[in-house]
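# Structural characterization, general
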Amino acid sequence: MGSTITEKILARAAGRDVVQAGEIIEAQVDLALANDITAPLAIAEFEKAGFTKVFDPARIALVPDHFTPNKDIKAAGQSKKVREFARRHGIVNYFEVGRVGIEHVLLPDLGLVAPGDVVIGADSHTCTYGGVAAFSTGMGSTDFAAAMAWGHVWLHVPQSIKFVYSGRLQPWVTGKDLILHTIGLIGVDGALYQAMEFTGDAVEGLSMDERFTMCNMAIEAGGKSGIVGFDEKTARYLSARPEGSRARLDGQVFKSDPDAEYARVIEIDAAAVPPTVSKPHLPSNTAAAADLADIKIDQVVIGSCTNGRLADLRQAASILRGKKVHPDVRVIILPGTQQVCLDAAADGTMQALIEAGCAFSTPTCGPCLGGHMGILAEGERAVSTTNRNFVGRMGHTGSEVYLASPYVAAASALAGHIATPEMIGAGGRS
Amino acid sequence: MTAETTQGGRGMVFEGTVHAYGRDVDTDVIIPARHLNTNDPAELASHCMQDIDEEFVRRVQPGDIMVALENFGCGSSREHAPVAIKHAGVSVVVAASFARIFYRNAINTGLPIVVCPQAAAEARTGDRLRVDLTAGTVENLTRGTTYGVEAFPPFMQELIDRGGLLPYVKSRLAAEAAS
């Protein structure tokens, strides 16, 4: 019996030849991360338990990205705790405002994750790093505190679901549409406790940015992790990371065996997936964007750990360039990192978005979780490229969030209601 | 952790009034993110369930039992969620199933949780429930029914018995240093 890529990575990290789904193992942690919401609680638990030393200051990342630049006095106090802890323990990967980005965009872009790594994070969207063929999963603050002290984590080896996406994508269909469609298909607990392995020619055809987007939302199907196998695109992405970074020097490539055991194999006709939207109040509540033209909107959010990469902003700009945002709509751009800002400035993406009437934010999680920088009032509706549309997620409990791709979000920003690029007469996919 | 906060410890019986919820209760409604600029348990508890049940914090009595259907605690990894529930006075959460991160967080923060789909489906707000962690049963005193619960895997029971993850890690590191 063969092994899945996830089982092989976990066997390596556990110092074993083979592990099987269902086993509980102790795995070595290659990177442990937390943010300004989850780290303060972890620091308090770490210190309360009497730990005085972290296992390796270079393998911990503290990323104050959620409520920064500090949204209020209490948030400033929480950020201060993280900053002081980072200084005290010489945490190498601590990022101050001005250098910080949204954690799941920033850390892989800095080359802190290599294929075959085990990454755990006190943030549910830590599953993003499967985009570079690593195993990564979200946990709570106490698990992060334990990993900081121990350098290991206990893990239940998950069963895997193999998703096979085949066929040529329709115009304006992205990795975001594929993952929303998938969550709609299996439900918000359809992959509970399981690894989601994304395969097939349609996934191979996706850019790295879109693969990160798919892995990022594995948690919205209840998944423990999402992963895409290593290929030439992965190799190209990794070789473009900063010189001397882990992504350039380390890592081990694993592949699922043909006879690996899966809990399920789900075949998806990717050519039949339309631009897709998740309606309130669950990511699984999906519909074709084209069927929702009667939904008028007040706000559009483009960015976040899900869709805040350069390719995402370029997709939005390709729709908005030379046009004006609908007068009743406010558009907020949440770039993933400062580098994304620089790249977007260099290639004209930022100018196109600003000239169209979008507000360009500093990198922050901000409104995605109803923190700051774009909170909704009662009765307001947003189309957002973020990852959750739960009750009250972006503001008032009487507000609504519709999840979509950057293309659909940008088209909706022009139309004033949910729209596809096709509906507003956009040309071919750029 | 003290015996009081250790879940699944021997001889733990909880009896209380039910607060029942549906499926897919996410951590954003358990504790909305706008209140995550603190990790003070009392403050977090004062906003518990606010976005789906404004009356909860006024109604809940110490020892009460929270009941929900499938996928309780889905979404964000915020450990503030089990902390808020516990400090609101809830003694134990009974659900048809738990989201993965919430399940770990509950064990790590000492919030007792029990997987029991039949009891979760049947219980209504206001029912009296008796949860016996040693016997592994959930008894609905209002309806006169008793159901068995899923046992924790042995490793998790060991974590619980040792007082939680951090004491476990501490003893592991001490043993490694000594050897």
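All values derive from a computational prediction rather than experimental measurement.

Parameters and conventions
- Residues numbered from 1 in each chain as written.
- Chains lettered and ligands numbered in written order.
- Predicted model: local features only at pLDDT ≥ 70, side-chain atom pairs only at ≥ 80, totals over all residues.
- Helix = DSSP H or I, 4+ residues; strand = E, 2+ residues; numbered from the N terminus.
- Expected span 1.5 Å × (residues − 1).
- Buried ≥ 20, exposed ≤ 12 C-beta atoms within 10 Å, placed from the backbone.
- Arc of directions from axis to C-beta.
- Contact = placed C-beta atoms within 7 Å.
- Pairing = 2+ DSSP bridges.
- Axes fitted to C-alpha atoms, helices over the stretch in contact; angles between N-to-C directions.
- Nonpolar A, V, L, I, M, F, W, Y, C, P; charged D, E, K, R; others polar.

### As for helix α8 (residues 165-178) of chain B
- Its 14 residues place the ends of α8(B) 20 Å apart at the C-alpha level, agreeing with the 20 Å of an ideal helix rising 1.5 Å per residue.
- All buried positions along α8(B) are accounted for by B:L165, B:L166 and B:V169. One face of α8(B) carries all of its buried residues, which in axial projection span an arc of 90°. Residues B:S171, B:A174, B:A175 and B:A178 are exposed on α8(B) and point more than 90 degrees away from its buried face.
- Packing partners of the buried residues in α8(B) comprise α2 (38-48) and α5 (141-150) of chain A together with α5 (100-109) and α7 (154-161) of chain B.

### Regarding the sheet that holds strand β5 (residues 128-132) of chain B
Residue and element names in this part refer to chain B.
- The strand order β4-β3-β2-β1-β5-β6-β7 describes an open sheet built from 7 strands, whose pairing is mixed. Looking along the sheet, the strands with just one partner apiece sit at the ends: β4 (113-115) and β7 (145-148). The average undirected angle you get between the axes of adjacent strands in this sheet is 25°.
- As defined by bridge partners, strand β3 (residues 92-95) adjoins β4 across 3 bridges and the pair is classed as parallel. When the bridges of β4 are listed, V94 appears paired with V114.

### Focus: the interface of chain B and chain A
- The interface is formed by 38 residues belonging to chain B together with 44 residues belonging to chain A.
- Breaking the side of chain B that touches chain A down by element, the ones donating at least two residues are α1 (27-30), α5 and α8 of chain B.
- Of the residues in the side of chain B that touches chain A, the class split is 14 nonpolar, 12 polar and 12 charged.

### Observations regarding the environment of B:G63
- Mapped onto the fold, B:G63 is located in the loop between α3 (56-59) and β2 (65-68).
- Sequence separation of B:G63 and B:P154 is 91 residues, and the distance between their C-alpha atoms is 27 Å.

Nothing here speaks to function; it is all geometry.
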